[in-house]
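# Coordinate inspection notes
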Amino acid sequence: MDTKEIIEGLMPDDRHNVVPAAWAIIHSNDTQMLSAVSDALPVIATAVNHLPPNSEPAFRDYRFAPALAVPVLTCFKQADSCRCSLYPASNGLDPEKEQRLGFIKIIKEEDHLEEYRVEYTCICAHGETHFETILDESYPYPLWYWKRVDRPLSGS
Ligand SMILES: [Zn+2]
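No experiment lies behind these values; they were computed from the predicted model shown.

Looking now at the overall build of the chain. Within the chain, the secondary structure is distributed over 6 helices and 4 strands. For the chain, the N- to C-terminal ordering of α and β elements is α-α-α-α-α-α-β-β-β-β. What you see for the chain is a C-alpha radius of gyration of 16 Å, in line with the 15 Å of a compact globule of 156 residues. Each of the three principal axes of the chain carries a C-alpha extent, and together these read 50 × 35 × 20 Å.

In this section: the sheet that holds strand β2 (residues 117-124). Here 4 strands make up an open sheet; going across it, the order is β1-β2-β3-β4 and the pairing antiparallel. Taken across any chain shown, the strands that pair with only one partner, and hence form the sheet edges, are β1 (104-112) and β4 (143-149). Strand-to-strand twist of the sheet, defined as the mean angle between neighbouring strand axes without regard to direction, takes the value 20 degrees. Relative to β2, β1 is paired through 8 bridges, and the arrangement is antiparallel. Bridge pairing links K108 to T121 in β2.

Looking now at the pairing of strand β3 (residues 130-136). Across 7 bridges, the pairing between β2 and β3 is antiparallel. In the sheet register, E119 faces β3, and the bridge partner there is I134. Taking the residues that link successive antiparallel strands as the turn, the β2-β3 hairpin has 5 residues. Sheet topology places β3 next to β4; 7 bridges connect them, and they run antiparallel. Across the sheet, residue H130 finds its bridge partner in β4, namely V149. Connecting the antiparallel pair β3 and β4 is a turn made up of 6 residues.

Within the secondary structure layout, A40 lies in the loop between α3 (31-38) and α4 (41-49). A40 sits 24 residues away from H16 along the chain, and the two C-alpha atoms are 19 Å apart.

The subject of this paragraph is the environment of A45. Take A45: it is sitting in helix α4. Between the C-alpha atom of A45 and that of Y139, which follows or precedes it by 94 residues, the distance is 28 Å.

A separate point is the packing of α4 against helix α5 (residues 64-77). Viewed as axis vectors pointing N to C, α4 and α5 meet at an angle of 160 degrees, and their least axial separation amounts to 10 Å. Relative to α5, α4 is oriented roughly antiparallel. Relative to α5, α4 is oriented so that their crossing is left-handed. Between α4 and α5, the residues in contact are L41, I44, A45 and V48 and P66, A67, V70, L73, T74 and K77, respectively.

A general tendency of soluble globular proteins is for nonpolar side chains to be buried together. Judged by nonpolar contacts, the single largest core of 31 residues is most densely connected at L10, A21, A22, I25, A69, V72 and L73. Elements with a minimum of two residues in this core: α1 (3-9), α2 (18-26), α4, α5, β2, β3 and β4. Among the elements that take part in this core, α5 stands out by supplying 7 residues, more than any other. Structurally, this core is a two-domain feature, drawing no fewer than three residues from each of domain 1 (1-79) and domain 2 (89-156). Here A21 is in contact with M1, E5, I6, G9 and L10, once residues within four sequence places are set aside.

What counts as what
Residues numbered from 1 in each chain as written. Predicted model: local features only at pLDDT ≥ 70, side-chain atom pairs only at ≥ 80, totals over all residues. Helix = DSSP H or I, 4+ residues; strand = E, 2+ residues; numbered from the N terminus. Rg over C-alpha atoms; globule rule 2.2 N^0.38 Å. Pairing = 2+ DSSP bridges. Axes fitted to C-alpha atoms, helices over the stretch in contact; angles between N-to-C directions. Parallel < 35°, antiparallel > 145°, perpendicular 65-115°, else oblique. Left-handed = near helix turned anticlockwise from the far one by under 90°. Contact = placed C-beta atoms within 7 Å. Core = buried A, V, L, I, M, F, W, Y, C linked by C-beta atoms within 7 Å. Buried ≥ 20, exposed ≤ 12 C-beta atoms within 10 Å, placed from the backbone. Domains from an automatic or database assignment.

Structure, rendered in structure tokens:
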């Protein structure tokens, strides 16, 4: 999706593209795109606030993704070098994607596949902040729980 499609995707008259547009923002470190999109942040935030609920029963409220895109844009607009402030507030950010985008480094990973759980120890790529992150795969969609820790609890 290009910048224009992303912005339009978050507008109320484009229901089909709202979720892909939100993920395009969440999973990007393209400063040019993020800068252009975040210029429209007030309009986007208002539009996202007024999105109607799912019209049919669904595993998950589709508004989850656009609701996460707004703080991601806010974080970018504040010129935060990292996204540490976002992690504990959300369960939609995948540490492996965050690592690919250069925001964090995964320093330890433990699979507990029989329990549908993966545990990560992460460190901010721009600072000393550590997180213990648990991926819970026992739902129809993945959930990541980020907990800030003073230092890794389980080695490094
Ligand atoms: Zn950080």
